Structure formats: C-alpha cells, structure tokens
Amino acid sequence: MARYTGPRCRLCRREGIKLYLKGDRCYTNKCALERRNYPPGQHGRVRRKMTEYAMQLREKQKAKRIYGVLEAQFRNYFAQAERQKGLTGENLLRLLERRLDNVVYRLGMAASRAEARQLVRHGHILVNGRRVDIPSYLVEIGDKISFDPRSKESPRIQELIERAAQNNPPPWLRYDPNEAVGEVLAFPTRDQIDVPVKEHLIVELYSR
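Note that the structure is a prediction, hence the values are computed from the model and not measured. (Residues numbered from 1 in each chain as written. Predicted model: local features only at pLDDT ≥ 70, side-chain atom pairs only at ≥ 80, totals over all residues. Heavy atoms only, no water.)

K.L.:
I'm lost on the environment of Glu-97 in this one. Help?
P.N.:
Position of Glu-97 among the secondary structure elements: in helix α5 (residues 88-97). Glu-97 gets classed as buried once you look at its relative accessible area, which sits at 0%. The spacing of Glu-97 and Tyr-67 is 30 residues in sequence and 8.3 Å in space, taken between C-alpha atoms. (Helix = DSSP H or I, 4+ residues; strand = E, 2+ residues; numbered from the N terminus. Buried < 20%, exposed > 50% of the residue type's maximum accessible area, 1.4 Å probe, protein only.)

K.L.:
Honestly, the nonpolar core in this entry has me stumped. Any pointers?
P.N.:
For soluble globular proteins, the rule of thumb is that nonpolar side chains tend to be buried together. Leu-100, Val-104, Met-109, Ile-125, Ile-145 and Phe-147 are the most contacted members of the largest nonpolar core, which totals 25 residues. Mapped onto this core, the elements with two or more residues apiece are α6 (100-106), α7 (113-121), β1 (125-127), β3 (144-147), α8 (155-166) and β4 (173-176). Here Phe-147 is in contact with Met-109, Leu-119, His-124, Ile-125, Leu-126, Lys-152, Ile-157, Leu-160 and Ile-161, once residues within four sequence places are set aside. Core analysis: the second largest hydrophobic core is formed by 17 residues, Leu-93, Leu-96, Ile-193 and Val-197 among them. (Core = buried A, V, L, I, M, F, W, Y, C linked by side-chain atoms within 4.5 Å. Contact = heavy atoms within 4.5 Å.)

K.L.:
Hey, could you run me through the packing of helix α3 (residues 52-67) against helix α9 (residues 199-206) in this one?
P.N.:
For any two helices packed against each other, the geometry comes down to the angle between their axes and how far apart the axes lie. Relative orientation of the contacting elements α3 and α9 amounts to 115°, with a least axis distance of 8 Å. The angle between α3 and α9 falls in the class roughly perpendicular. Relative to α9, the crossing made by α3 is left-handed. On the side of α3, the interface is formed by Glu-52, Tyr-53, Met-55, Gln-56, Leu-57, Glu-59, Lys-60 and Ala-63, while α9 contributes Leu-201, Ile-202, Glu-204, Leu-205 and Tyr-206. Of the residues in the contact of α3 with α9, the class split is 8 nonpolar, 1 polar and 4 charged. (Axes fitted to C-alpha atoms, helices over the stretch in contact; angles between N-to-C directions. Parallel < 35°, antiparallel > 145°, perpendicular 65-115°, else oblique. Left-handed = near helix turned anticlockwise from the far one by under 90°. Nonpolar A, V, L, I, M, F, W, Y, C, P; charged D, E, K, R; others polar.)

K.L.:
Just to check I follow, could you spell out the packing of aromatic side chains for this structure?
P.N.:
A complete count under the given rule lists 2 aromatic pairs for this structure. Relative to Tyr-206, the ring of Phe-74 lies with its centre 6.3 Å away and its plane at 35°, an arrangement referred to as tilted. Note that Phe-74 is positioned in helix α4 (residues 71-83) and Tyr-206 in helix α9, a separation of 132 residues in sequence. Residues Phe-78 and Tyr-206 carry aromatic rings whose centres are separated by 4.7 Å and whose planes lie at 45° to one another, so their mutual orientation is tilted. One end of the pair, Phe-78, is in helix α4; the other, Tyr-206, is in helix α9, with 128 residues separating them in the sequence. Of the residues examined, Tyr-206 reaches a relative accessible area of 17% and is grouped as buried. Here the basic side chain of Arg-98 rests over the ring of Phe-187, its NZ or CZ set 4.3 Å away from the ring centre. (Phe/Tyr/Trp six-rings, centres within 6.5 Å; stacked < 30°, edge-to-face > 60°. Lys NZ or Arg CZ within 6 Å of the ring centre and 35° of its normal.)

Following this line, the structure appears as structure tokens:
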C-alpha cells in the first residue's frame, strides 16, 4: 500500500501549521515548526502572494497530509463524497474521519495517525472481534475497536491502553477504559471534526 515515507516535519513547515504527524514530539520544543517557522527549501523565507488556485491547492494538500492519503485515494474519497447527499466538503471530511487508522488515533489508542496506521497494518487492531489490517477501512455506527489480546503483551501496547484511558475522544466516539474497547456512536458532524481545513476550497479546486 502506497504511503508517504519522507520527512514529516517538512510537511508541517510547508503548510505553515502543526499537522501533528509525529505524535507527542509535536507538543515539545523539538518540533521543527517551532525552530524554523517558514517553508522548506532554498526560497522558503521568500514571501509570495497566494493566488486563488494556490490557496485551494494548499487546503487539499493539507487535508491529504493530515489523514495520510495520496492523490489517487483522495480523489476516490472526493468522488464518493459527491455521490452522497449533503455538502460535498463535509461528506469528504466525514469519510476521512471514518478511516480505521483515524478512529484508532481519535480514541487515543495511538500517538499519531502514522502509528495508528502501523498498528492496523500489523494486525494489532480488532473491529467487532475480528482482525482488520486495512487502514482505509470505513467504520460503521456500532463498530467496536480494540487491541488483539495477543498484542497486549507488548509494552508499547500497554502504554497505548493507558494513554487511551486518559484520552478524551470526540462526541461521536466512546472509549471504555475498563474493557479497553472503543465504540463508534455516530458519524461525525462538521463541528465535531477539529481539522484546520477549509473544505469548500477543496470542492472548488476539483470543480475547476
């Protein structure tokens, strides 16, 4: 499965905001954006006026990088969002939020979406008691997410279980610290999706 393997801090610098791609490191002064708050590259310090197209492109790139998807997959999500009832931009974000790797991250069962993706790919995550190793799997209402019992012997998994118990998931999710199980209560509404993305600009870009 294709994925971005380059330096993640470079992506935050390019977008000019923290995308929280490296988990806990992003909350410390080791974050690259704290030390070099300008785009990467030879001409990164040069300020340019943003055109309308450039602003639309930046919003699309930002959304792709936050959720860790590449162009072809992102276009597929957009096409699916267009076919659904309601606002295309909100439908798009809702589909991205329903990805299994994102839900694992939102539940606090991983420090970042990248770690959540790895946990899913390595077979550590169960959905309704069955192993699912596809990060792009779209969860449904009522789905229950947990760690594979065999994985709980790992010290890192134990750390993540403790982390999830202290986490405050969004209203559309619930986590039971006693059972170490998360549940999808509903699909998220736009005000429950706290990503710094102006989705209407993405719709405008793909509508050109």
